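Each chain, written out:
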Amino acid sequence: MPERDHDPIPPGTCYLVGAGPGDPGLLTLRAKEVLERADVVLYDYLCNAEILGHAPASAERIYVGKKAADHAVPQDELNALLVKLSGEGKTVVRLKGGDPFVFGRGGEEAGELRAAGVPFEVVPGISSTVAGPAYAGIPVTHRDHCSQLTIFTGHEDPTKAESSLDYKKLAAADGTKVMLMGVGQLARVTAELLAEGADPETPVALVRWATTGRQQTLVSDLANVARRVEESGFGSPAVTVIGGVVGLREELSWFERRPLFGRRVIVTRTRSQAGQLSVRLRELGAEVDEMPTIRIAPPDDELEFGRFVQDAHTYDWLLFTSPNGVDAFFEMFYKIYKDARSIGGVKIAAVGPGTAKKIKGYHLAVDLLPDEYVAEGLLEKLLETESVENETVLWVRPKEARDVLGKGLTEAGAIVDQAIAYQTVPETGDPTGAVARFREEGADVITFASSSAVEHFLDRGLELPERLKIASIGPVTSGALRSAGLEVDIEAERHDIPGLAAAIEQYYAELRAGV
Ligand code: SAH
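Enquirer: How do you make sense of the overall build of the protein chain when you look at a structure like this?
Expert: Check the secondary structure of the protein chain and you find 19 helices and 20 strands. Each principal axis of the C-alpha distribution contributes one length, and for the protein chain these read about 90 × 65 × 45 Å. By the burial criterion, 48% of the 515 residues in the protein chain qualify as buried. Restricting to contacts in the protein chain with at least 6 residues of sequence separation, those with at least 24 account for 65%. Charge-centre separation for the protein chain: the mean point of 54 positive side chains lies 2 Å from the mean point of 77 negative side chains.

Enquirer: When you look at the domain arrangement of the protein chain in this model, what are you seeing that I'm missing?
Expert: Where the parts come together, the accessible area they lose is often given as the size of the interface. Splitting the protein chain by domain gives domain 1 (14–126), domain 2 (130–257), domain 3 (264–293 + 427–513) and domain 4 (297–426). Each of domain 1 and domain 3 has a C-alpha centre, and these two points are 32 Å apart.

Enquirer: So what exactly am I meant to see when it comes to the nonpolar core here?
Expert: Soluble globular proteins: nonpolar side chains tend toward being buried together. Counting 26 residues, the largest nonpolar core has Phe305, Leu318, Phe320, Phe329, Phe330 and Ile343 as the members making the most contacts within it. Elements supplying a minimum of two residues to this core: helix H11 (302–310), strand S14 (317–320), helix H12 (323–336), strand S15 (347–350), helix H13 (353–361), strand S16 (392–398) and strand S17 (415–426). Looking at this core, the element that brings in the most residues is H12, giving six residues. Contacts of Phe330, omitting those with residues within four sequence positions, involve Phe320, Ile343, Tyr362 and Leu364. Of all hydrophobic cores here, the second largest spans 20 residues; its members include Val267, Ala492, Leu500 and Tyr508.

Enquirer: Please clarify how the site of the ligand should be interpreted in this entry.
Expert: Taken together, 17 residues surround the ligand, and among them Pro21, Val102, Ser128, Met181 and Ala238 come closest. Contact distances for the ligand include 2.7 Å between a nitrogen atom and a backbone N or O atom of Val102. One of the side-chain N or O atoms of Ser127 is found 2.7 Å from an oxygen atom in the ligand. Of the residues assigned to the shell around the ligand, the class counts are twelve nonpolar, four polar and one charged. Each of domain 1 (14–126) and domain 2 (130–257) accounts for three or more of the residues forming the shell around the ligand.

Enquirer: Got a minute to help me understand the packing of aromatic side chains in this structure?
Expert: Aromatic ring pairs are defined here through the distance separating the ring centres and the angle between the ring planes. Throughout the structure, instances matching the rule amount to 17 aromatic pairs. Relative to Phe457, the ring of Phe438 lies with its centre 6.3 Å away and its plane at 75 degrees, an arrangement referred to as edge-to-face. Residue Phe438 is located in helix H16 (residues 434–441), and its partner Phe457 is located in helix H17 (residues 451–459); the two are separated by 19 residues in the primary sequence. Per residue, the accessibility class of Phe438 equals that of Phe457, and both read buried. Every member of this aromatic cluster is reached through a ring pair, and the members are Phe320, Phe329, Phe330, Phe333, Tyr334, Tyr337 and Tyr362. Above the ring of Phe234, the side-chain terminus of Arg208 is found at 5.8 Å from the ring centroid. The positively charged end of Arg214 is found above the aromatic ring belonging to Trp209, 4.2 Å away from the centroid.

Enquirer: In this structure, what is going on with a nonpolar patch on the surface? I would like to understand it.
Expert: Residues Phe103, Ile126, Val130, Leu149, Ile151 and Met181 make up a contiguous nonpolar surface patch of roughly 440 Å² in combined accessible area. Within the secondary structure, Val130 is located in helix H5 (residues 128–135). According to the relative accessible area criterion, Val130 is partly exposed, its value standing at 37%.

Enquirer: Whenever I open this one, the sheet that holds S17 confuses me. Can you help?
Expert: Strand pairs in the sheet, formed through backbone hydrogen bonds, run parallel or antiparallel to each other. The five strands are arranged S13-S17-S16-S14-S15 in an open sheet whose pairing can be described as mixed. Both outer strands of the open sheet, strand S13 (294–297) and S15, are each paired with one neighbouring strand and no more. Each neighbouring strand pair of the sheet contributes to a mean axis angle of 20 degrees, computed without reference to strand direction. Note: S13 against S17, four bridges, orientation antiparallel. From the neighbouring strand, Arg295 faces S17, where its bridge partner is Val425. Those strands touched by H12 are S13, S14, S16 and S17, and its axis lies near 130 degrees from that of S14. Running at roughly 175 degrees to S17, helix H15 (residues 404–411) makes contact with S14, S16 and S17 of the sheet.

The rules behind these values
Residues numbered from 1 in each chain as written. Predicted model: local features only at pLDDT ≥ 70, side-chain atom pairs only at ≥ 80, totals over all residues. Heavy atoms only, no water. Helix = DSSP H or I, 4+ residues; strand = E, 2+ residues; numbered from the N terminus. Buried < 20%, exposed > 50% of the residue type's maximum accessible area, 1.4 Å probe, protein only. Contact = heavy atoms within 4.5 Å. Lys, Arg positive; Asp, Glu negative; His and termini not counted. Charge placed at Lys NZ, Arg CZ, Asp CG, Glu CD. Domains from an automatic or database assignment. Core = buried A, V, L, I, M, F, W, Y, C linked by side-chain atoms within 4.5 Å. Near = heavy atom within 4 Å. Polar contact = N/O pair within 3.5 Å; in protein donor to acceptor, adjacent residues only side chain to side chain. Nonpolar A, V, L, I, M, F, W, Y, C, P; charged D, E, K, R; others polar. Phe/Tyr/Trp six-rings, centres within 6.5 Å; stacked < 30°, edge-to-face > 60°. Lys NZ or Arg CZ within 6 Å of the ring centre and 35° of its normal. Patch = residues over 30% accessible without salt bridge, like charges linked within 9 Å, V, L, I, M, F, W, Y side chains within 5 Å. Areas by Shrake-Rupley, 256 points an atom, 1.4 Å probe, with all protein chains shown as cover. Salt bridge = Lys/Arg side-chain N within 4 Å of Asp/Glu carboxyl O. Pairing = 2+ DSSP bridges. Axes fitted to C-alpha atoms, helices over the stretch in contact; angles between N-to-C directions.

Quick look at the structure:
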């Protein structure tokens, strides 16, 4: 088994990782760590697209099922694939909804890996067994209600002739029962429990798409639940909770009471802001889908960039003004050199902590960090630290950048070279599947945080559904929307990300109040 914090990472390890129940915030830190270094990710139907986003863009992503009957990859083929990929020396992440060892066949996969001599690690996840009820305001245990919790599957191995579930014991068991899968079997399961003497008035709740913005909860009792589910068309995936604790929901429901609960919001993603907006909107209860409008691409002249990187050791200073620039630099650097010492004695400056963290990730120290994390701050710090006159400086920058540093340093007598490491270009693909979902399911709100986001979004030529409300961060962005003939329904009063989220919240609060 690999140990944590040891370098280098043992090759060919297979990680059996729990992705949690759906909310991307319910991923463990360990899961994020191993995803970040994955070469291949094999994922399930219940794994959130955003969680996959923790894997490097270069990592291979393989969808392996399963949506009930439609098993994308049969289990034995999947096991063989895990063994094969790990055997090629790759870091393989097998990402499974919830916890890998709770009705996830993770035990079988681990067994196959052990038999094949493949090193593996299990990263437990938050199981929908407990998280689903929790998000519906149902604690699976409670001192006043029960001291026993039984977890069972409603969907047994269809190849087995007889049920291995002992309904007699199940019906007699005290406390809470949680059933995974088997929404389609509910009539049979409840009938068996009632036949074995279970109280027909026992409260039952089903929580569907738990912990996501699409969560739905249905509450009934043992005698009626199957009929209610049938009538309402309530489908899987759902967790079924049976027991007195269901009654606590009335008091403890919290997630479904949030102001944007049940609203689907598209965040058009520009640079780093999207993450912050999505987190805030999710906290308000919305279902959020991020639609990227830009992506990072290699510079127009890669050869020139390569030459600058090759000569980096000849400069006095190396300046980094973005984490992307650091990645682009070191990717190129290690294509050219095999030894970190080839960087020489050049001093390294970073514009802010995010960039500095990236540099440290390549095991290099940062010599200078400004007090204010903008180009002006970096310039000021460089100028005050020592004389830059006649110093040679290599600035690793994106194609699109203000020339504050170049100009300021040159004026102070430095000899500045600018290495264009990458550029941002409009995203025309659908890397997260958000565009396809938007086409199929529409949305309640779409957010725009810049006029370039408006421009790139319009370039996609997507049709806007009738009910869609348009939210803008401020007058400039609104202007861009209006000149494209669109109506702005929501405009932030404070022109920043929290302001935009607040405006959407207020819009729906007023709608509810009938203002
Ligand atoms: N290993 C998973 C369970 C896999 S079995 C875990 O620990 O959660 C698949 C079943 O899990 C589904 O049929 C459903 O019963 C349940 N499930 C998983 N995610 C769910 C979600 N977000 N909402 C409701 N049920 C979910």
